[in-house]
Amino acid sequence: MAVMTRRLGMYVDESQRGTGRVTARRTPAELSDVLSLQRWIREGGMDARSLDDFLGRYLEEGTRLHHPGYLAHQCACPDLPAALGDLVHGVTNNAMSLYEMGAAAATVELAVVDWMVSKVGWPEQSAGGVLVNGGSLANVTSLLAARAWAFPSAWSEGTPSQAVLLAPVSCHVSVKRGAAIIGLGCDAVVPLPCDALGRIIVESVADVVEAQRRRGRKVMAVVANACASATGLYDDLQGVGRVCRELGLWFHVDAAHGGSALLVPALRGRLAGIELADSVVWDAHKMLRTSTLAAAVLVRRKVDLERAFRQEADYLFFEDERGGPDLMMRTVEGAKAQLGLKLFLNLAWRGEAGLGEYVAGRYATAHRLWELLRARPDFETPYEPQSNVVCFRPRDAPHERQQIAMRDWLIADGRFHLASSVVEGTRWLRATVMSPSTEERTLHALLDAVREAARQVRDMG
């Protein structure tokens, strides 16, 4: 334990100071040799000294999310309490999908879910939810709840062939994957008309619904982004939600990334209308500084989630003194990790206000990056950010191949890790501000590094 805490402490400290590379890109074959994987698997015998050596190499070859130059994907820079929650789970292994397998863990999760429900704006008495391993599984679970509401016999008879799902093209990849998993099929995801930046055109929703009805199809649910992964932009939840209420449709809000703005009074307006949703996905492992994975499936009527799973198993469920609810009846997972503990400990340590300050700070830093880009004529950006996601590119390197090559150059250089998005049909560099260590000087250094990358690739077509 002493070896691991010392090594991990060094890792976090070095990462926060920007020491070393943000990420590495060796091949699996190369990494296997560097880490001596096959020898350790065959021979065993790792002691404290060799563990320290292994951890040093292992951590060096990963991705440093605490690094100020980490600006790639929407993965949390985890806070210490969440890491301690992982340790508690690793030691106790209370697989608490059955209440008797982890009463404390289940109770903590229920409290965390109630807190999230209250932030959405639903009454805790009738609303509810569950934490699952990731936003993709959360979206699948929400779609199962929508299916049970629209087609009550689907659990036993399957998803009807006339079922369709309406979603913007900018929706997360897990929406289409989820549609395929639950038997809808990817082709049943009907794209909603959007503006040039991928936001739903509210006035078109009713027309799309009517067009589907004329074709003999039934809309199972309407999906909106809060916010879109590629751009960080929010759909008009108020507008879409009102249309869904008027037409009697299930309204699902994918707030995996942007839901945490609910903790900031000045930002909450970006999610106005979320209380009209029937289901909401909100990932703690994005903007609540909770280690991967911990995603909330929240429903306005908790009975809708319970109706989504009608499995019977007489060796698990029978009439006895349970003491509390079996969360297995709310999720795809047969066994559940103690996911609520991680978020609870973050809240217990920082408080709701502390997590809100983090969210507000990351949104503000992203907006500052946009301001710096706007002040420089050698850069362009397609929109003002609404979250901590900023798309941009040098004006003299606008082509897709150049964008990809610049990103590769930056990763190889080691100081910055960016992602990439397609907006308005063209590719841009994407910065997602996650680390608390990312500050003003980081942003200036980033733009200088991108300029250098552009010079390196400017001769490409």
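The shown structure was predicted, so the numbers you read here are calculated from the model rather than taken from an experiment.

About the criteria used
- Residues numbered from 1 in each chain as written.
- Predicted model: local features only at pLDDT ≥ 70, side-chain atom pairs only at ≥ 80, totals over all residues.
- Heavy atoms only, no water.
- Helix = DSSP H or I, 4+ residues; strand = E, 2+ residues; numbered from the N terminus.
- Polar contact = N/O pair within 3.5 Å; in protein donor to acceptor, adjacent residues only side chain to side chain.
- Contact = heavy atoms within 4.5 Å.
- Pairing = 2+ DSSP bridges.
- Axes fitted to C-alpha atoms, helices over the stretch in contact; angles between N-to-C directions.
- Core = buried A, V, L, I, M, F, W, Y, C linked by side-chain atoms within 4.5 Å.
- Buried < 20%, exposed > 50% of the residue type's maximum accessible area, 1.4 Å probe, protein only.
- Expected span 1.5 Å × (residues − 1).
- Bend = angle between axes of the 7 residues up to and from the residue.
- Parallel < 35°, antiparallel > 145°, perpendicular 65-115°, else oblique.
- Left-handed = near helix turned anticlockwise from the far one by under 90°.
- Nonpolar A, V, L, I, M, F, W, Y, C, P; charged D, E, K, R; others polar.

J.: What am I meant to see in the side chain of Ser-387 here?
T.: Topologically, Ser-387 is positioned in the loop between β9 (379–380) and β10 (389–394). Within the local environment of Ser-387, its side chain forms a polar contact with the backbone oxygen of Gly-232, the two atoms lying 2.9 Å apart. Here Val-389 takes part through its backbone nitrogen, which lies 3.5 Å from a polar atom of the side chain of Ser-387. Beyond its immediate sequence surroundings of up to four residues, Ser-387 is in contact with Cys-227, Gly-232, Tyr-234, Arg-270, Tyr-363 and Ala-366.

J.: I would appreciate a short explanation of the sheet that holds β9 in the present structure.
T.: Each strand in a sheet pairs with its neighbour through backbone hydrogen bonds, running either in the same direction (parallel) or in the opposite one (antiparallel). Strand order across the open sheet formed by five strands is β1-β11-β12-β10-β9, with mixed pairing between neighbours. The sheet is open, and its two borders are formed by β1 (70–71) and β9, each paired with just one other strand. Pairing analysis gives five bridges linking strand β11 (residues 417–423) to strand β12 (residues 426–432), with the strands arranged antiparallel. When the sheet's bridge partners are listed, Val-422 is paired in β12 with Arg-427. Packed on one face of the sheet, helix α14 (residues 339–374) meets β9, β10 and β12 and runs near 20 degrees to β10. Packed on one face of the sheet, helix α16 (residues 440–457) meets β1, β9, β10, β11 and β12 and runs near 40 degrees to β10.

J.: I would appreciate a short explanation of the nonpolar core in the present structure.
T.: Counting 58 residues, the largest nonpolar core has Met-116 and Leu-298 as its most contacted members. Among the elements that take part in this core, α14 stands out by supplying seven residues, more than any other. Leu-298 has contacts with Val-113, Met-116, Val-117, Val-120, Trp-122, Gly-128, Gly-129, Asp-278, Ser-279, Val-280 and Trp-282, leaving out every residue within four places of it along the chain. Formed by 40 residues, the second largest nonpolar core is a distinct cluster that contains Ala-179, Ala-188, Val-281 and Ala-295.

J.: Where do I start with α14 in this structure?
T.: Residues spaced three or four apart along an α-helix point in a common direction, a consequence of the helix completing one turn every 3.6 residues. Here α14 contains 36 residues, and its C-alpha end-to-end distance of 41 Å is more than 12% below the 52 Å for a straight helix at 1.5 Å per residue. Arg-350 marks the point of greatest bend in α14, at about 90 degrees.

J.: I'm lost on the side chain of Asp-79 in this one. Help?
T.: Mapped onto the elements of the fold, Asp-79 is located in the loop between β1 and α5 (80–92). By relative accessible area, which is 6% here, Asp-79 ends up buried. Side chain to side chain, Asp-79 and Arg-350 meet in a polar contact 2.7 Å long.

J.: Which parts of the structure should I look at to understand the sheet that holds strand β2 (residues 128–132)?
T.: Taken in spatial order, the seven strands line up as β2-β8-β7-β6-β5-β3-β4 in an open sheet, and their pairing is mixed. The strands lining the two open edges of the sheet, one partner per strand, are β2 and β4 (189–192). In this sheet, adjacent strand axes meet at a mean angle of 20 degrees when their direction is disregarded. Pairing of strand β5 (residues 218–225) with strand β6 (residues 251–254) involves four bridges; the strand directions are parallel. Across the sheet, Ala-224 pairs through a bridge with Val-253, a residue of β6. Running at roughly 160 degrees to β6, helix α11 (residues 237–247) makes contact with β5 and β6 of the sheet.

J.: For this particular structure, what's the right way to read unusual backbone geometry?
T.: Residues apart from glycine generally show negative phi values, whereas peptide bonds are mostly found in trans. Here the amide bond leading from Ala-226 into Cys-227 is cis, since omega sits at 10 degrees, within 30 degrees of zero. Within the element layout of this structure, Cys-227 appears in the loop between β5 and α11. The step from Thr-292 to Leu-293 runs through a cis peptide bond, and the omega angle for that step is 5 degrees. The topology assignment puts Leu-293 in the loop between α12 (284–287) and β8 (295–299). Located in the positive-phi region is Glu-424, a residue other than glycine, with phi close to 55 degrees. Tracing the backbone shows Glu-424 in the loop between β11 and β12. For Glu-424, a relative accessible area of 48% puts it in the partly exposed group.

J.: I'm lost on the packing of helix α15 (residues 400–413) against α16 in this one. Help?
T.: Any two packed helices are characterised by how steeply their axes cross, that is the angle between the axes, and by the distance between the axes. Contact geometry for α15 and α16: axes closest at 9 Å, N-to-C directions at 120 degrees. The angle between the axes of α15 and α16 places the two elements in the oblique class. Seen from above, α15 lies across α16 with right-handed handedness. Along the contact surface, α15 presents Gln-402, Ala-405, Met-406, Trp-409 and Leu-410, while α16 presents Ala-449, Val-450, Glu-452, Ala-453, Ala-454, Gln-456 and Val-457. Across the contact of α15 with α16, the residue classes break down as nine nonpolar, two polar and one charged.

J.: I'm lost on the packing of helix α7 (residues 135–150) against helix α9 (residues 173–181) in this one. Help?
T.: Contact geometry for α7 and α9: axes closest at 9 Å, N-to-C directions at 50 degrees. Here α7 lies oblique to α9, going by the angle between them. As α7 runs across α9, the sense of the crossing is right-handed. The residues of α9 that touch α7, namely those facing Gly-135, Ser-136, Asn-139, Val-140 and Leu-143, are Ser-174, Val-175, Gly-178, Ala-179 and Ile-181. In terms of residue class, the contact of α7 with α9 is made up of five nonpolar, five polar and no charged.

Function-wise, these values are silent; they only describe arrangement.
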